[in-house]
Amino acid sequence: MNDIKKAVFPVAGLGTRFLPATKASPKEMLCIVDKPLIQYAVEEAIEAGITEMIFVTGRSKRSIEDHFDKSFELEHELEQKNKTALLELVRNIKPANVNCVYVRQPEALGLGHAVNCAAKLVGNDPFAVILADDLLDHQPGVLKQMVDVFKHYRSSIVAVEKILPKQSKSYGVIKGTSAGDRLTKMSQIVEKPEPKDAPSDQGVVGRYIFTPSIFKHIDGLKPGAGGEYQLTDAIQSMLAEEAVYAYAYEGVRYDCGSKIGFLKATVEFALRHPETGAEFANYLSNLKR
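Description of the structure in this document. (Residues numbered from 1 in each chain as written. Predicted model: local features only at pLDDT ≥ 70, side-chain atom pairs only at ≥ 80, totals over all residues. Heavy atoms only, no water.)

1. A few points about the environment of D148
And step 1. Following the sequence through the fold, D148 ends up in helix 7 (residues 142-153).
And step 2. Given a relative accessible area of 37%, D148 falls into the partly exposed group.
And step 3. As for D148 and L131, which are separated by 17 residues in sequence, their C-alpha atoms are 19 Å apart.
And step 4. Among the polar contacts listed, one links the side chain of D148 to the side chain of K144, at a separation of 3.0 Å. (Helix = DSSP H or I, 4+ residues; strand = E, 2+ residues; numbered from the N terminus. Buried < 20%, exposed > 50% of the residue type's maximum accessible area, 1.4 Å probe, protein only. Polar contact = N/O pair within 3.5 Å; in protein donor to acceptor, adjacent residues only side chain to side chain.)

2. Overview of the packing of helix 10 (residues 259-272) against helix 11 (residues 277-285)
And step 1. The contact between helix 10 and helix 11 brings their axes to 6 Å, and the two run at 125°. With respect to their mutual orientation, helix 10 and helix 11 come out oblique. Across the interface between the two elements, V267, A270 and L271 from helix 10 touch G277, F280, A281 and L284 from helix 11.
And step 2. Per-class residue counts for the contact of helix 10 with helix 11 are six nonpolar, one polar and no charged. (Axes fitted to C-alpha atoms, helices over the stretch in contact; angles between N-to-C directions. Parallel < 35°, antiparallel > 145°, perpendicular 65-115°, else oblique. Contact = heavy atoms within 4.5 Å. Nonpolar A, V, L, I, M, F, W, Y, C, P; charged D, E, K, R; others polar.)

3. Here's the deal with the environment of A114
And step 1. Along the polypeptide, A114 turns up in helix 5 (residues 111-116).
And step 2. In this view, A114 contacts P10, V56 and Q105; residues no more than four positions away in its chain are not counted.

4. A word on the pairing of strand 10 (residues 183-191)
And step 1. Two elements, strand 9 (residues 172-180) and strand 10, share eight bridges in a ladder whose sense is antiparallel. Its bridge partner being in strand 10, G176 is matched across the sheet by M186.
And step 2. Two successive antiparallel strands, strand 9 and strand 10, enclose a turn made up of two residues, where R182 displays a positive phi of approximately 65°.
And step 3. Where strand 10 lies against strand 12 (residues 244-248), three bridges are found, and the strand directions are antiparallel. Across the sheet, T184 pairs through a bridge with A246, a residue of strand 12. (Pairing = 2+ DSSP bridges.)

5. A few points about helix 1 (residues 37-47)
And step 1. Within helix 1, eight of the eleven residues are buried, which leaves it mostly tucked inside the rest of the structure.
And step 2. For helix 1, the set of buried residues is L37, I38, Q39, Y40, A41, V42, E44 and A45.
And step 3. Directly after helix 1, the chain includes G49, whose backbone phi takes a positive value near 95°.

6. Topic: the pattern of salt bridges
And step 1. The full count for this structure, using the stated rule, is twelve salt bridges.
And step 2. In this structure, the salt-bridge partner of K27 is D133, at a minimum N-O distance of 2.8 Å. One end of the pair, K27, is in the loop between strand 1 (6-10) and strand 2 (31-32); the other, D133, is in the loop between strand 6 (127-130) and strand 7 (134-137), and 106 residues separate them in sequence.
And step 3. Look at D133 and you get buried, because its relative accessible area is 14%. (Salt bridge = Lys/Arg side-chain N within 4 Å of Asp/Glu carboxyl O.)

7. Quick notes on helix 10
And step 1. The terminal C-alpha atoms of helix 10 lie 20 Å apart, and with 14 residues this matches the ideal 20 Å at 1.5 Å per residue to within 8%.
And step 2. Within helix 10 the residues assigned to the buried category are G261, F262, A265, F269 and A270. For helix 10, the arc enclosing every buried residue in end-on projection is 155°, short of the 170-degree limit, so these residues lie on one face. Exposed and oriented more than 90 degrees from the buried face of helix 10 are I260 and L263.
And step 3. Residues of helix 10 that are buried in the fold lie against strand 2, helix 1, strand 7, strand 13 (252-255) and helix 11. (Expected span 1.5 Å × (residues − 1). Arc of directions from axis to C-beta.)

8. Overview of the layout of surface pockets
And step 1. When its volume is computed, the largest pocket comes out at roughly 1,400 Å³.
And step 2. Lining the largest pocket we find 43 residues, and of these R17, K27, L131, D133 and K192 sit closest to its centre.
And step 3. Elements supplying a minimum of two residues to the lining of the largest pocket: helix 5, strand 8 (156-162), strand 10, strand 11 (202-210), helix 9 (231-239) and strand 13.
And step 4. Ranked by the residues each element gives to the lining of the largest pocket, the list is headed by strand 11, at four residues. (1 Å grid on protein atoms, 1.4 Å probe; cavity = no way out; pocket = protein on both sides within 12 Å on 5 of 7 lines; lining within 4 Å. Points joined across faces, edges and corners; volume = space filled by probe spheres on them.)

9. Observations regarding the packing of aromatic side chains
And step 1. If you walk through the whole model with that rule in mind, you get nine aromatic pairs.
And step 2. An angle of 20° between the planes, with centres 5.0 Å apart, marks the rings of F9 and F55 as stacked. Separated by 46 residues along the polypeptide, F9 in strand 1 and F55 in strand 4 (residues 52-57) bring together distant segments of the chain.
And step 3. With a relative accessible area of 0%, F9 lands in the buried category.
And step 4. Given the relative accessible area of 0%, F55 is considered buried. (Phe/Tyr/Trp six-rings, centres within 6.5 Å; stacked < 30°, edge-to-face > 60°.)

Following this line, the structure appears as structure tokens:
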């Protein structure tokens, strides 16, 4: 089986929790200090050795395409004003060896449907799925950690973290047996169970590696609530035919699909940013409630 060279970014969601900011701009373009969430996600993929970025887009997502496209006017302006550092920053948003392609999800029919929209572009290769509003902070990056696990097991992998019982209704929750350090061989995955029905305290977060057979299992799904096709259900179907592992990643997760998670990430990243860190820390220490 080939190595992981492709990543799918489902970015067609409406981002309703951030309205009105996301009315005309996708939530993936919300910035943590000076960099949009989607760029953090792409940089994580690049670090993991991925060179083909597949964006599953919807309406009002053109700004994502523009962000990773070459901007002749901006580059010319920076060059004329001899702003070399900014020019290099803009040019390095996407390295030359990285290819970005885009496919439309015509209707918002769930994460499983979004991933399936990329099937023809993925082909018969293993691939990653990255949800950009889960900002995972660690070196090496979480996807790099998972790619290293994949190289050994050559099986599908989902990233998990320990959750509180009351949080189970916001996660896909897994069950399985230990397969080594940080690794569980899965036997079950349940979408958003009630706390009393959760099979464990391990919840799935927005990083996946799949063998191409996942598409067969998505194709076999029946729509659930709201007519959506759940990726969790496809993974459960996959478990009957092949091994799937859950990996308890190293790192800190910021749920930037929520306002509080977004604000936490903004504060943490601002404190470490070379331009803002010292002054912002001083501001926070003197902040009067």
